[in-house]
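Here is what each chain is made of, one letter per residue.
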Amino acid sequence: MNKIILATQNAHKLEELRSVLPEGWEAQTAFDAGIRGELPETGSTLEENATQKAKFLWDYCEISSLADDSGLEVSVLDGAPGVYSAMYAGPERSDQANRSLLLANLVGATDRAARFRTVLAWATAEGIQLYEGVVYGQIALDERGEYGFGYDRIFIPNDGDGRTFAEMLPEEKVAMSHRSRAVRAWITGL
Ligand code: ITT
């Protein structure tokens, strides 16, 4: 059994990451490793934040650690909310407020192209490796669906059938998501 720590405190991300981990890998959370506060996340890029979180856990317990930092990048907003996706509408980090603000900022926009991007940082005794996963899509006109979290109710992947991520079963989202693509890149690099 390979023991690793998933350096994320977002329960939805943990569930999605766990569902695509290879056989024989046992994943603990930062909480399991004894971390009670927030993991450091003060960078201005997904790469910096993922690196900070993974390195913090490696330095704390010297167990290989995998951190996920993700964001939604909207073309007409020059890549916003991007690295600030979790607190787009303010420090309360409300998924509902974030989605409402994004839809309000896109009223009348004909170009609704966006992409979800995940950066995984893998911290081991050898240092830090970064892996990326991207999924291209469109921002819906309204919220649709009940599954998922964050911006899933307003993101329609181009590779799908017109449903938002939140209208897909969890396994359907995972089959094409930014996060699972990044995990596949990590597995290939092991
Ligand atoms: P950790 O730092 O503990 O991993 P977090 O929620 O702070 O958790 P991020 O800094 O990566 O995670 O924030 C990314 C935000 O982007 C997250 O709060 C969601 O609103 C959104 N997001 C990320 N992945 C998503 C996905 O697969 N579907 C929908 N929204 C997503």
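Residues numbered from 1 in each chain as written. Predicted model: local features only at pLDDT ≥ 70, side-chain atom pairs only at ≥ 80, totals over all residues. Heavy atoms only, no water.

Draft legend 1. Here's a closer look at the overall build of the protein chain. Counting its secondary structure elements, the protein chain contains 5 helices and 6 strands. A globule of 190 residues ought to have a C-alpha radius of gyration of about 16 Å, and the protein chain, at 16 Å, matches this closely. With the principal axes as the frame, the protein chain shows a C-alpha extent of 50 × 30 × 25 Å. Across the 190 residues in the protein chain, those meeting the buried criterion constitute 45%. (Helix = DSSP H or I, 4+ residues; strand = E, 2+ residues; numbered from the N terminus. Rg over C-alpha atoms; globule rule 2.2 N^0.38 Å. Buried < 20%, exposed > 50% of the residue type's maximum accessible area, 1.4 Å probe, protein only.)

Draft legend 2. Just the side chain of Thr118, in detail. Residue position: Thr118 is located in strand E4 (residues 113-124). Here Ser70 takes part through its side chain, which lies 2.9 Å from a polar atom of the side chain of Thr118. When residues no more than four places from it in sequence are discounted, the contact partners of Thr118 are Asp68, Asp69, Ser70, Tyr131, Glu132, Gly133, His178, Arg179 and Ala182. (Polar contact = N/O pair within 3.5 Å; in protein donor to acceptor, adjacent residues only side chain to side chain. Contact = heavy atoms within 4.5 Å.)

Draft legend 3. Layout of the side chain of Arg117. By the element assignment, Arg117 lies in strand E4. Here the side chain of Arg117 touches Glu73 through a polar contact of 3.1 Å, side chain to side chain. In this view, Arg117 contacts Leu46, Glu47, Asp69, Ser70, Gly71, Glu73, Glu132, Gly133, Val134 and His178; residues no more than four positions away in its chain are not counted.

Draft legend 4. Layout of helix H1 (residues 11-19). Turning to H1, its buried residues are Lys13, Leu14, Glu16 and Leu17. In a view along the axis of H1, the buried residues occupy a sector of 170°, so they form one face of it. Seen from the buried face of H1, the exposed residues on the opposite side, beyond 90 degrees, are Ala11 and Glu15. Capping the start of H1, Asn10 holds a side-chain oxygen 2.9 Å from the backbone nitrogen of His12, two or three residues further along. (Arc of directions from axis to C-beta.)

Draft legend 5. Structural context of the sheet that holds strand E2 (residues 25-29). The strand order E2-E1-E3-E4-E5-E6 describes an open sheet built from 6 strands, whose pairing is mixed. Each edge of the sheet is formed by a strand with only one pairing partner; in this case those strands are E2 and strand E6 (155-157). On average, each strand axis in the sheet is tilted by 40° relative to the strand beside it, whichever way the strands run. Pairing analysis gives 12 bridges linking E4 to strand E5 (residues 127-139), with the strands arranged antiparallel. For Leu120, the partnering residue across the bridge sits in E5 and is Tyr131. In the packing of helix H5 (residues 178-189) onto the sheet, contacts are made with strand E1 (2-6), E2, strand E3 (65-74), E4 and E5, and the angle to E5 comes to roughly 150°. (Pairing = 2+ DSSP bridges. Axes fitted to C-alpha atoms, helices over the stretch in contact; angles between N-to-C directions.)

Draft legend 6. View of the pairing of E4. Of all 12 residues making up E4, 10 are buried, and the element is well covered by its neighbours. One ladder, built from 10 bridges, connects E3 with E4; its direction is antiparallel. The residue bridging Val74 from the neighbouring strand is Ala114, located in E4. Where E4 folds back on E5, the antiparallel hairpin that results is connected by 2 residues.

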